[in-house]
Amino acid sequence: MHREGKGKKGPHGRMWGRVGPFEEDRIDELLELIWTLREEGVSDLDQLLRTTEDVEAQAILRLMIRDGLFEVEGNRMVLRDRGEEKARDLIRRHRLTERLLHEIFEISEEEVEEEACKLEHILSPAVTDSVCTFLGHPPTCIHGKTIPRGECCFKFTKEIKPFVIPLEELGLGENGRIVFIAPKSHQRLDRLSALGIVPGSTVRMHQKNPSHVLQIGETMLALDKEIVRDIYVKRV
Ligand SMILES: [Zn+2]
Ligand SMILES: [Zn+2]
């Protein structure tokens, strides 16, 4: 996976000095890179070639064109349907894996990147949706990038007991650490962070009716139901 965290070259870059081995992985890597560049508004081929750690990217790209994964129009890269779908899955798996490692096993952000690169290839589609459900269908990875939605995100299921829960499900007197906030507007996010409601902070549920009263550190806060609905926590 194209590294989302701080720059530095990973082991992949060095490993890939030959043609032939790891062809599938190298295709995956480039698909993910095309996707992440596109998120940044970049779709020109030159930029991809400057960014990739694969010294033989051009050869791999030719294979991808042959396989109908993507095409080049002038200097612009366009994912074809199959490539789009494959990239979407890879990105989804990678970013969910990051969340899983970080939230559940409390692996540091730096280490997560390395591990996620290995594990993303192991998750099957069904397991991926279970992980997503378990984590409360997080909208973003730990770097704040969008996690593409899966089928599980649109249908309600009770089969898996989620580890990350909506804040409103915390019982009175229970503590939760905020995992992510999915606000309807940016303005709201700014307001919340001004109050200290940011991922990583711990809140205690003091009252649920008629409004929610939460304790953060020494501060008591009354919050509207609508806002509370945007906040997801894990019990601590
Ligand atoms: Zn990430
Ligand atoms: Zn989901």
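Our subject is the structure that appears above.
Source: prediction; values computed, not measured.

*Asks:* So what exactly am I meant to see when it comes to the overall build of the chain here?
*Replies:* When its secondary structure is counted, the chain shows nine helices and eight strands. Considering the chain as a whole, with its 236 residues, one finds that 42% of them fall into the buried category. Long-range pairs, those at least 24 residues apart, make up 66% of the contacts in the chain with a sequence separation of at least 6. Summing over all exposed atoms, the chain offers an accessible surface of approximately 12700 Å²; the carbon and sulfur share of this is 52%.

*Asks:* What exactly am I supposed to notice about the environment of Ile34 here?
*Replies:* Here Ile34 lies in helix α2 (residues 23-39). For Ile34, a relative accessible area of 4% puts it in the buried group. Ignoring anything within four residues of it in the chain, the contact list for Ile34 reads Leu48, Met64, Phe70, Met77 and Leu79.

*Asks:* Help me understand the coordination of the zinc ion (ligand 2) in this model?
*Replies:* The textbook angles at a metal center are 109.5 degrees for a tetrahedron of four donors and 90 or 180 degrees for an octahedron of six. The zinc ion (ligand 2) binds to the protein through Cys132 (SG), His137 (ND1), Cys152 (SG) and Cys153 (SG), with metal-donor distances spanning 2.0 to 2.3 Å. Every donor counted, the four donor atoms about the zinc ion (ligand 2) form angles of 102 to 117° at the centre, which fits tetrahedral coordination. On the primary sequence, the residues serving as donors to the zinc ion (ligand 2) are separated as C-x4-H-x14-C-C. With His137 in the loop between α7 (125-134) and β3 (164-166) and Cys152 in the loop between α7 and β3, this residue pair connects regions lying 15 residues apart in the sequence. The burial state of His137 is the same as that of Cys152; both residues are buried.

*Asks:* Would you explain helix α6 (residues 109-119) in this entry?
*Replies:* Two residues of an α-helix separated by three or four positions point the same way, owing to the 3.6 residues in each turn. Regarding α6, the residues found buried are Val112, Glu113, Ala116 and Cys117. Projection of α6 onto a plane perpendicular to its axis shows the buried side chains occupying an angular sector of 130°, all on one side.

*Asks:* I tried to follow unusual backbone geometry on my own but got confused; where do I start?
*Replies:* If a residue is not glycine, its phi is most likely negative; likewise, a peptide bond is most likely trans. The omega torsion of the bond from Asn209 to Pro210 falls at 0°, within 30 degrees of zero and hence cis. Take Pro210: it is sitting in the loop between β5 (202-207) and β6 (212-216). In this structure, Glu106 takes a positive phi of about 50° despite not being glycine. Take Glu106: it is sitting in the loop between α5 (81-103) and α6.

*Asks:* In this structure, what is going on with the sheet that holds strand β4 (residues 175-181)? I would like to understand it.
*Replies:* Hydrogen bonding along the main chain pairs the strands of a sheet, whether they run parallel or antiparallel. The strand order across the open sheet built from six strands is β3-β8-β4-β5-β6-β7, with neighbouring strands paired in antiparallel fashion. Two strands lie at the open edges of the sheet, namely β3 and β7 (219-223), each paired on one side alone. The mean angle between the axes of side-by-side strands here comes to 45°, regardless of whether they run parallel or antiparallel.

*Asks:* Can you help me understand the pairing of strand β1 (residues 70-73) in this one?
*Replies:* Both β1 and strand β2 (residues 76-79) contribute to a ladder of four bridges, which runs antiparallel. Considered in β2, the bridge of Val72 is made with Met77. Where β1 hands over to β2, the hairpin turn is made up of two residues, of which Gly74 adopts a positive phi near 70°.

*Asks:* What's the story with the packing of α5 against α6 in this structure? I'm lost.
*Replies:* When two helices pack together, their arrangement is given by the angle between the helix axes and the distance between those axes. Direction vectors running N to C along α5 and α6 enclose 130°, while the axes themselves pass 9 Å from each other. If you check the angle between α5 and α6, you find them oblique. Relative to α6, the crossing made by α5 is right-handed. Contacts from His94, Thr97, Glu98, Leu101 and His102 of α5 reach α6 at Glu109, Val112, Glu113, Glu115, Ala116, Cys117 and Leu119. When grouped by side-chain class, the residues that make up the contact of α5 with α6 number five nonpolar, three polar and four charged.

*Asks:* Any chance you could explain the environment of His137 here in plain terms?
*Replies:* Taking the C-alpha atoms as reference, His137 lies 8.2 Å from Arg149; in sequence the two are twelve residues apart. Ignoring anything within four residues of it in the chain, the contact list for His137 reads Cys132, Arg149, Cys152, Cys153 and Phe180.

*Asks:* Before we go on, may I ask you to explain the packing of α2 against α5 in this structure?
*Replies:* Interaxial distance between α2 and α5 falls to 9 Å at its minimum, and their mutual angle equals 85°. Taken together, α2 and α5 sit at an angle that is classed as roughly perpendicular. Residues Glu24, Asp28, Leu31, Glu32, Trp35, Thr36, Arg38 and Glu39 of α2 form the contact with α5, whose participating residues are Gly83, Glu84, Lys86, Ala87, Arg88, Leu90, Ile91, His94 and Arg95. Residue composition of the contact of α2 with α5, by class: five nonpolar, three polar and nine charged.

*Asks:* Would you take a moment to explain the pattern of salt bridges for this structure?
*Replies:* When the charged atoms of two side chains with opposite charge come close together, those side chains can pair. Scanning the entire structure with this criterion turns up 15 salt bridges. Of the charged contacts, one joins Glu24 and Lys86 as a salt bridge, the two residues approaching to 3.6 Å between their closest N and O atoms. Residue Glu24 is found in helix α2, and its partner Lys86 is found in helix α5; the two are separated by 62 residues along the sequence. What makes Glu24 partly exposed here is its relative accessible area of 48%. Among the residues examined, Lys86 registers a relative accessible area of 26% and is labelled partly exposed.

Cut-offs and rules
- In every chain, residue numbers begin from 1 and rise along the written sequence.
- For naming, the first written chain is A and the first written ligand is 1, with later ones following in the order written.
- Only residues with pLDDT of at least 70 are given local features in this predicted model, and only at 80 or more are side-chain atom pairs given and counted; all residues enter the totals for whole chains, interfaces and linings.
- Each side-chain value is worked out from all heavy atoms of the structure, with water and hydrogens disregarded.
- Secondary structure is summarised from DSSP: a helix means a run of H or I of at least four residues, a strand means a run of E of at least two, and numbering begins at the N terminus for each.
- The classification of residues rests on relative accessible area computed with a 1.4 Å probe and restricted to protein chains. Under 20% of the type maximum is buried, over 50% is exposed, and intermediate values are partly exposed.
- Contacts between residues were defined by any pair of non-hydrogen atoms, one from each residue, lying within 4.5 Å.
- Accessible surface is estimated by sampling points in the Shrake-Rupley manner with a 1.4 Å probe; for residues, cover comes only from the protein chains shown.
- The donor definition counts N, O and S atoms within 2.8 Å of each metal and applies 3.2 Å to Na, K and Ca; water is not among these atoms, so some sites may look incomplete.
- Angle rules define the geometry names used: all angles between 85 and 135 degrees makes four donors tetrahedral, while opposite donors over 155 degrees apart and all other angles between 65 and 115 make four donors square planar and six octahedral, leaving every other case irregular.
- Arc definition: directions from the helix axis to the C-beta atoms.
- Strands are treated as partners if at least two bridges between them are detected by DSSP.
- Every axis in this analysis is a line fitted to C-alpha atoms, fitted for helices over the stretch in contact. Angles between the N-to-C directions lie between 0 and 180 degrees.
- Throughout this description, any angle smaller than 35 degrees is read as roughly parallel, any larger than 145 degrees as roughly antiparallel, any in the 65 to 115 degree range as roughly perpendicular, and the remainder as oblique.
- Two helices crossing with the near one rotated counterclockwise from the far one by less than a right angle form a left-handed crossing, whereas a clockwise rotation gives a right-handed crossing.
- Classes in brief: Ala, Val, Leu, Ile, Met, Phe, Trp, Tyr, Cys and Pro nonpolar; Asp, Glu, Lys and Arg charged; the others, Gly included, polar.
- Whenever a carboxyl oxygen of Asp or Glu lies within 4 Å of a side-chain nitrogen of Lys or Arg, that contact is scored as a salt bridge.

Honestly, that's just the spatial picture; any functional story needs more than this.
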